[in-house]
Amino acid sequence: MASYLYYLLPAVGGYALTSLYFLKNPHFLHKKKQTAFYCTHISHRGGSGERIENTMGAFTHAAEVGTEMLELDCHLTKDSHVVVSHDENLLRQTGQDVNISSLNLEELPPYKETLEVTFKAGHFSTGSDRNIALLEDVFRKFPQIAVNIEVKENNSMLIEKISDLVKKYNREAISVWASFCLLFCQWQNSSMPYMFTVKRALKMLLLYYTGLLPFVPLGESFLQFYLPQIINREYIPETWILRSRLVIFLIERLTLRKGMFKHLRDRGIQIHLFVCNEEQDIEAAFAAGATGVMTDYPTLDDTKEGAVGKAQRAARSFG
């Protein structure tokens, strides 16, 4: 037994030191990613705390106050139009229990006059624009603003049409795939940068804790993840296990690793934490090592600086 330890301990020690060295110096093994944009402020569903979510009114408001990325979700109507909506079923958003896929574009109902903000329980948004938007209208009106496109269903026609619109408006460098069915998204349009899926993020976390992360190539350009401290304070999850303070504490300790985030940043991967609807959450996200924050409140409060300015200032402060 002692003879095995004689060889094992130096091998394990050498591996740990080598892994740590390349964790801190990834440029020796990997070329740093160069994305066409860098954003510190992302408007979640267009800024759903200040305007009705995912409407042109919300996107316009967010753009006017200086957001650097619009986050949105897409679905396909019965007559094959790509529309912007978080839910496929419209009960929560419109009060009508119908699916987008069962309706033609002109049959889509308007949003409710007031809509509860998902990540700020008990708070509601309103706005004069209550129409479900077309993705093409978003691309046409905001040609220079980056868009994070979340595809929530494994629908090949939807993904193909999104890709076609991205190509039509020459947005491949500033449009980002965010989907669990990422392989098909990449197959349709491999020129677009893409996010970690949940499965890939868990694998990356495992690689970090086993010391293998510095040696593994990563195709992703963005990592998006919950800021754990918002759970059960700003956002009440449906999953019962996430309502446990102990579970949230463990998630925070396991995932918000400054060494891991710095390694990803050094490899050119941007880290966005969400959904930061309080100034304290914006500061906590950047202190943890995020490069950007996602929020429902583009202005956050009545001060001139607003959430966009706060995000940019916090990003500079925490380097």
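Residues numbered from 1 in each chain as written. Predicted model: local features only at pLDDT ≥ 70, side-chain atom pairs only at ≥ 80, totals over all residues. Heavy atoms only, no water.

The protein is annotated in an unreviewed UniProt entry as Glycerophosphodiester phosphodiesterase domain containing 3a of Cyprinus carpio carpio. If you open the UniProt record of the protein and go to Sequence similarities (unreviewed entry), you find "Belongs to the glycerophosphoryl diester phosphodiesterase family." According to UniProt, the comment filed for the protein under the heading Subcellular location (unreviewed entry) is "Membrane". (UniProt positions renumbered as here; feature names shortened; annotations may be inferred.)

*Asks:* Whenever I open this one, the side chain of Asp-129 confuses me. Can you help?
*Replies:* Note that Asp-129 resides in the loop between strand 5 (124-126) and strand 6 (133-134). Buried charge without a salt bridge: Asp-129, with Lys-141 as the nearest opposite-charge side chain at an N-O distance of 7.9 Å. Beyond its immediate sequence surroundings of up to four residues, Asp-129 is in contact with Ile-52, Thr-55, Met-56 and Gly-57. (Helix = DSSP H or I, 4+ residues; strand = E, 2+ residues; numbered from the N terminus. Buried < 20%, exposed > 50% of the residue type's maximum accessible area, 1.4 Å probe, protein only. Lys, Arg positive; Asp, Glu negative; His and termini not counted. Salt bridge = Lys/Arg side-chain N within 4 Å of Asp/Glu carboxyl O. Contact = heavy atoms within 4.5 Å.)

*Asks:* Explain helix 10 (residues 279-288) to me, please; I cannot follow it from the model alone.
*Replies:* An α-helical turn contains 3.6 residues, so a residue and the one three or four places further along point in the same direction. The set of residues buried in helix 10 consists of Asp-281, Ile-282, Ala-285, Phe-286 and Ala-288. In an axial view of helix 10, the angular spread of the buried residues amounts to 160°, which keeps them on one side of the axis. In the stretch just after helix 10, Gly-289 is the one whose phi turns positive, near 115°. (Arc of directions from axis to C-beta.)

*Asks:* Sorry, what's going on with the packing of aromatic side chains here?
*Replies:* Scanning all chains against the criterion turns up 12 aromatic pairs. Residues Tyr-21 and Phe-28 carry aromatic rings whose centres are separated by 6.0 Å and whose planes lie at 20° to one another, so their mutual orientation is stacked. One aromatic cluster in this structure is built from Tyr-21, Phe-22, Phe-28 and Phe-215. (Phe/Tyr/Trp six-rings, centres within 6.5 Å; stacked < 30°, edge-to-face > 60°.)

*Asks:* Just to check I follow, could you spell out a nonpolar patch on the surface for this structure?
*Replies:* Judged by side-chain polarity, Tyr-15, Tyr-21, Phe-28, Leu-29, Leu-212 and Phe-215 come together as a nonpolar surface patch covering roughly 550 Å² of accessible area. On the secondary structure map, Phe-215 appears in the loop between helix 7 (198-210) and strand 9 (222-226). (Patch = residues over 30% accessible without salt bridge, like charges linked within 9 Å, V, L, I, M, F, W, Y side chains within 5 Å. Areas by Shrake-Rupley, 256 points an atom, 1.4 Å probe, with all protein chains shown as cover.)

*Asks:* I tried to follow the UniProt feature "transmembrane region" (unreviewed entry) in the protein on my own but got confused; where do I start?
*Replies:* When the UniProt feature table is mapped onto this chain, "transmembrane region" (unreviewed entry) is found at residues 6-23 and 205-227. For residues 205-227, helix accounts for 26% and strand for 22%, while the C-alpha atoms at its two ends are 16 Å apart.

*Asks:* Looking at this structure, how should I read the environment of Val-247?
*Replies:* For Val-247, the location among the structural elements is in helix 8 (residues 245-255). The class of Val-247 is partly exposed, set by a relative accessible area of 22%. As for Val-247 and Pro-228, which are separated by 19 residues in sequence, their C-alpha atoms are 9.9 Å apart.

*Asks:* Please clarify how the nonpolar core should be interpreted in this entry.
*Replies:* A general tendency of soluble globular proteins is for nonpolar side chains to be buried together. Judged by nonpolar contacts, the single largest core of 46 residues is most densely connected at Phe-37, Leu-223, Met-260, Leu-264 and Leu-273. Of all elements in the fold, only strand 8 (175-179), helix 7, strand 9, helix 9 (258-266), strand 10 (270-274), helix 10 and strand 11 (292-295) reach the threshold of two or more residues within this core. With 5 residues, the single largest contributor to this core is helix 7. Apart from the residues within four sequence positions on either side, Leu-223 is in contact with Met-195, Phe-196, Ala-201, Met-204, Phe-261, Leu-264, Ile-269, Gln-270, Ile-271 and His-272. Counting residues in each nonpolar core, the second largest holds 29 residues, with Met-56, Ala-62, Val-166 and Trp-177 among its members. (Core = buried A, V, L, I, M, F, W, Y, C linked by side-chain atoms within 4.5 Å.)

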